[in-house]
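Listed below, chain by chain, are the residues.
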Amino acid sequence: MKQIYHVTAMLLSLFVIGCTSKNYEQTELGVKTRIDSTVVEIQFITPKIVRVLKYPLDSAIHKTSLSVIKKPETVDFKIAEDGHTVSVASDAIKVLVDIKTGSISYSKPDGSTLLQEKAGTSAFKPFNDAGSSTYSVSQTFTLERDEAIYGLGILQNGKMSQRNQNVKMIQANTWDYIPFFQSAKGYGLFWDNYSPTTFSDDSTGTQFYSEVGNCIDYYLMYGENADGVIARMRELTGSAPMFPLWTYGFWQSRERYKSQKEIVDVVKKYRALQVPLDGIIQDWQYWGDNYHWNAMEFLNEEFPKPQQMVDEIHRQNAHIIISIWSSFGPKTRQYEELKAKGMLLDFLTWPLSAKDVWPPDMNFPSGVRPYDPYNPEARDIYWKYLNTGLFSMGMDGWWMDSTEPDHMEFKPEDLDLKTHLGSFRKVRNAYPLMTVGGVYEHQRKVTADKRVFILTRSAFAGQQRFGSNTWSGDIVASWKALANQIPAGLNFSLCGIPYWNCDLGGFFLWEFDKKLDDAEYRELYTRWLEFGTFCPMMRSHGADAPREIYQFGKKGDKVYDAIEKFINLRYSLLPYSYSTAWQVTHEHSSMMRALVMDFASDRKTHNINDQFMFGKSLMIAPVTTPMYFKEVIQKTDTVKVEDFSRTGSEKVYLPSGTSWFDFWTNEKHNGGDSVEKNVPLDIIPVYVKSGSIIPFGPKVQYATEKDWTTLDIRVYTGQDGSFTLYEDENDNYNYEQGAYSLINFTWDDKNRKLVIDKREGKFDGMLVNRSFQIIVIDGQGNPVLKKVDYSGERIILEL
């Protein structure tokens, strides 16, 4: 839904004349007032979402949001004027406008303040944007001194709370920017601007400054807690659709598989080793030389029969997605058609050279150029070639690389380039939203039988509605980089975009000269993969050395065994993960959760950057320090070798307000304190919150190898709890028409009763009869086990 607002000088002059008796004009959505030479509009989009528009009196405003799709609701609000203030209030938010200073403040119905603008800081600075007269715009807010805020995108700064920093927002490889933050006080703020933007927070205030904007345009939303704020953000910018079940399994990738034989053999090797695998990825250069960059065709002679390759991978019960880019080489059909229609952006992007060498040999420039995804016809052209080529072969998803896109040898005047929506500067940061959205929307029009899955390197606000999972770019492997991924993923999720992942093991191995022969790197890779077990996507990938499990030894070797153990654990958790994914879609929940989301009353959680919840039951504390290697002298070289002579440990904080169970031992601990957990190579700290009910699936080689006829249901006592098991047809959009089932489990701790409710809903292939193995864990002895047959009717078990 496009939201378009027109203001003319004539209407404004009439408005000013009409305001002589009062300081505001009531509108359909709220109020409009004038403060000096600035017009201010307060618009209630819902009772809990307020839009603020500010623009110079003599401006003509035409604003189409690229992120916001929510239509304004009919909201009951009350207006009051008291001296130099005007208030407009719904039953959830009160907005107070100071007519003298221009400051706007927001409060809850009880009068407690949520957020305030700093008086006199709404700024419009004239700006020449590629020959168009417009403004640079900024607004400063006043936060409480110790108020924690989260969001801003994927930031590689290692911080959980994003206070006290300056962030220049222009999309890049490993930094994805979203001008949104939410507060531990239960509100969120979305700055709806797509130009290069600076977020700053210091003693003078918290500010958004954007290079281009004909108006200040932001949304204040109140959610009471982090889940509520995320729900409001998705209500405003779109819900996250379901991914296929198989995408929650294990993925193997590499830069790059150089032949169709190589990629097929990897799948066969996993099957022979009986190590689970569901997804494999074909990276770049299957199109041949760089002049044919992103041709979306198999022009490389090492891929002589691509259809046969796809079919063989499918016969092995695996899935394949393939690399596609935002740019095209000059000898591709796409380039020729887009260039003829003026739909290419003339700046340097990757690859710079036509020769596959490093550093780039600029005697042979590649001529590769990005396309203009802001143009709907260009998006049509992009999909036309994708659909008739790769999609028709049966590709299961898309690896949309360089969606920021790569901008090499940047020059400020590059931002003057014209796009379909104006200067590139004006819409720069929304590039990933537009190109990813184009693929999603086109595939949805073609078929409802295959869910869209897009792995992408960049994101912007609203991208969750386009079936995408964003990875954190080409990070360099190190222990610090591993540690930084935790708050990077959590802050991204707190922006309302629930699906995030990273290259397990890091992309580049620049700090490890001996690559996989380096014992420290093998330990780092293992710890990274263990962390990835509890991310929305578990994907091994990187350059400089292959990462398949068999590259790390054989069964019986500690590294190999640890990797295999956690891949199997990922599959055991599929019923839990898939049900959590339904909560993401149906209730705007989040899969990867900062501790503040579930334990906001415990202020110790507000800035913890190395622990998180996976779903609402499992707390994860990844190991991010080395413990199991030593350096020895071999001849004249210093070599790192494995050293398991001692067992390391990690200190873990257990949030207050609940008790916790050690996932591995079932030992019970009180919350509000820290524990020391031993962490041999095949263990990371995982704790289960009291009252949790967690389903565990069968051991499988791929996600749908066995149905869920028999599931273990673990009940962790100590408080009441519930869990809803979600099932559907796994890989189509029939769930949108109600083709799914729900089975609700409820634990009454005082009476030690488990209620399995009557099944709701149905779908083709649904299990009518099944059994549950109930395992009650209280930390006081051996778990209580009871098997129960279930045919869809309500059962009450006394345990």
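Refer to the preceding data block for the structure.
These numbers come from a predicted model, not from an experiment.

A.B. asks: How do you make sense of the overall build of the protein when you look at a structure like this?
C.D. replies: The helix and strand tally for the protein stands at 13 helices and 49 strands. In terms of C-alpha radius of gyration, the protein reaches 27 Å, essentially the compact-globule figure of 28 Å for 799 residues. Viewed in the frame of its principal axes, the protein has a C-alpha envelope of about 85 × 75 × 60 Å. Classification of the 799 residues of the protein by burial places 63% in the buried group. Pairs at least 24 residues apart make up 69% of the contacts formed inside the protein by residues separated by at least 6 positions.

A.B. asks: Can you help me understand the sheet that holds strand E24 (residues 397-400) in this one?
C.D. replies: Two orientations exist for strands paired in a sheet by backbone hydrogen bonds: parallel and antiparallel. Reading across the sheet, the eight strands line up as E29-E28-E27-E24-E21-E20-E19-E30 and stay open at both edges, with parallel pairing between neighbours. For this open sheet the edge positions go to strand E29 (500-501) and strand E30 (538-540), each flanked by a neighbour on one side alone. For strand E28 (residues 468-471) and E29, the ladder comprises two bridges, and the chain directions are parallel. Of the residues in E29, the one forming a bridge with Thr470 is Trp500. In this fold helix H4 (residues 306-315) packs onto strand E20 (279-282) and strand E21 (319-324), with an angle of close to 140° to the strand it touches most, E21.

A.B. asks: When you look at unusual backbone geometry in this model, what are you seeing that I'm missing?
C.D. replies: Note: most peptide bonds trans; most residues except glycine with negative phi. In this model, Glu255 is joined to Arg256 through a cis peptide bond whose omega is 0°. The residue Arg256 is located in the loop between strand E19 (250-252) and helix H3 (260-273) in this model. In this structure, the amide linkage connecting Trp358 to the following residue, Pro359, adopts the cis form with an omega of 0°. In this structure, Pro359 sits in the loop between helix H5 (333-340) and strand E23 (369-370). Phi is positive for Asp36, which is not a glycine, with a value near 55°. Positive phi is not limited to glycine here, since Arg752 has a value of about 50°. The topology assignment puts Arg752 in the loop between strand E44 (740-748) and strand E45 (753-756). Assessed through its relative accessible area of 26%, Arg752 is described here as partly exposed.

A.B. asks: Could you clarify how one ought to interpret the pairing of strand E9 (residues 113-117) in this entry?
C.D. replies: As a general feature of sheets, a regular strand has side chains that alternate between the two faces. The pairing of strand E8 (residues 104-107) with E9 spans three bridges and is antiparallel. Following the sheet pairing, Tyr106 is matched in E9 by Leu115. Adjacent in sequence and paired antiparallel, E8 and E9 are bridged by five residues, among which Gly111 carries a positive phi angle near 95°. Both E9 and strand E11 (residues 132-142) contribute to a ladder of two bridges, which runs antiparallel. If you follow Gln116 over to E11, its bridge partner there is Thr142.

A.B. asks: Honestly, the nonpolar core in this entry has me stumped. Any pointers?
C.D. replies: For soluble globular proteins, the rule of thumb is that nonpolar side chains tend to be buried together. Counting 195 residues, the largest nonpolar core has Leu390, Trp398 and Phe772 as its most contacted members. Residue contributions to this core peak at eight residues, all from helix H11 (residues 558-572). Beyond its immediate stretch of four places on either side in the chain, Leu390 contacts Tyr286, Met296, Phe298, Ile322, Ile324, Tyr385, Met395 and Trp398. Core analysis: the next-biggest nonpolar cluster, separate from the first, contains 42 residues, Phe77, Phe141, Phe199 and Leu220 among them.

A.B. asks: Hey, could you run me through the environment of Thr638 in this one?
C.D. replies: Within the secondary structure layout, Thr638 lies in strand E35 (residues 637-642). When near neighbours in sequence (up to four residues on either side) are disregarded, Thr638 contacts Lys514, Glu631, Val632 and Ile633.

A.B. asks: Any chance you could explain the side chain of Thr470 here in plain terms?
C.D. replies: As for its placement among the helices and strands, Thr470 is situated in strand E28. Residues within four places of Thr470 in sequence aside, it is in contact with Ile154, Asp176, Thr456, Arg457, Ser458, Ala459, Gln463, Phe492, Tyr499, Trp500 and Asn501.

A.B. asks: Looking at this structure, I do not really get the pattern of salt bridges. What am I missing?
C.D. replies: Pairs can form between side chains of opposite charge whenever their charged atoms are close. In the structure shown here, the tally under the stated rule is 47 salt bridges. Where Arg163 meets Asp201, a salt bridge forms, and the shortest distance between an N and an O atom there is 2.9 Å. You can see Arg163 sitting in the loop between strand E12 (149-154) and strand E13 (165-169) and its partner Asp201 sitting in strand E16 (residues 197-202), a full 38 residues away along the chain. If you follow the salt bridges from partner to partner, you end up with Asp129, Lys168, Glu211, Asp416 and Arg425 in one network.

A.B. asks: Is there a simple way to explain the packing of aromatic side chains in this structure?
C.D. replies: Any aromatic ring pair is given by two values, namely how distant the centres are and how the planes are angled relative to each other. All chains considered together, the criterion is met by 64 aromatic pairs. Measuring from centroid to centroid gives 6.3 Å for Trp500 and Phe531, while their planes differ by 55°, and the two rings are tilted. Of this pair, Trp500 sits in strand E29 while Phe531 sits in helix H10 (residues 519-532), placing them 31 residues apart in sequence. For Trp500, a relative accessible area of 0% gives the class buried. Residue class for Phe531 comes out buried when judged on its relative accessible area of 0%. An aromatic cluster is present here, built from Phe243, Trp246, Tyr248, Trp251, Phe453, Tyr499, Tyr578, Trp582, Tyr726, Tyr733, Tyr735 and Tyr740 joined pairwise through their rings. Looking at Arg539, its charged tip hangs above the ring of Trp399, at a distance of 5.8 Å from the centre. Note that Lys565 overlies the ring of Trp664, its terminal NZ or CZ placed 4.6 Å from the centroid.

A.B. asks: I keep staring at the sheet that holds strand E15 (residues 187-191) and nothing clicks. Help me out?
C.D. replies: Strand order in the open sheet made by the eight strands is E1-E2-E3-E4-E18-E15-E14-E12, with antiparallel pairing throughout. With one partner strand each, in any of the chains shown, strand E1 (25-26) and E12 form the two edges of the open sheet. For E15 and strand E18 (residues 216-222), the ladder comprises five bridges, and the chain directions are antiparallel. Bridging across to E18, Trp191 finds its partner in Tyr218. Most of the contacts of helix H2 (residues 226-237) go to E18, to which it runs at about 135°, and overall it touches strand E3 (38-46), strand E4 (49-56), strand E14 (176-183), E15 and E18. Sheet strands touched by helix H9 (residues 479-493): E12 and E14. Its angle to E12, the strand with the most contacts, is close to 100°.

A.B. asks: Explanation requested: the packing of H3 against H4 in the structure shown.
C.D. replies: Geometrically, a packed helix pair is captured by the angle between its two axes and the distance between the axes. Close contact between H3 and H4 brings their axes to 10 Å; oriented N to C, the two are set at 5°. Classified by the interaxial angle, the pair formed by H3 and H4 is roughly parallel. Across from Gln260, Ile263, Val264, Val267 and Lys268 in H3, the residues of H4 making contact are Pro306, Gln308, Met309, Glu312 and Ile313. Along the lines of polarity and charge, the residues of the contact of H3 with H4 split into six nonpolar, two polar and two charged.

Cut-offs used in this document
Residues numbered from 1 in each chain as written. Predicted model: local features only at pLDDT ≥ 70, side-chain atom pairs only at ≥ 80, totals over all residues. Heavy atoms only, no water. Helix = DSSP H or I, 4+ residues; strand = E, 2+ residues; numbered from the N terminus. Rg over C-alpha atoms; globule rule 2.2 N^0.38 Å. Buried < 20%, exposed > 50% of the residue type's maximum accessible area, 1.4 Å probe, protein only. Contact = heavy atoms within 4.5 Å. Pairing = 2+ DSSP bridges. Axes fitted to C-alpha atoms, helices over the stretch in contact; angles between N-to-C directions. Core = buried A, V, L, I, M, F, W, Y, C linked by side-chain atoms within 4.5 Å. Salt bridge = Lys/Arg side-chain N within 4 Å of Asp/Glu carboxyl O. Phe/Tyr/Trp six-rings, centres within 6.5 Å; stacked < 30°, edge-to-face > 60°. Lys NZ or Arg CZ within 6 Å of the ring centre and 35° of its normal. Parallel < 35°, antiparallel > 145°, perpendicular 65-115°, else oblique. Nonpolar A, V, L, I, M, F, W, Y, C, P; charged D, E, K, R; others polar.

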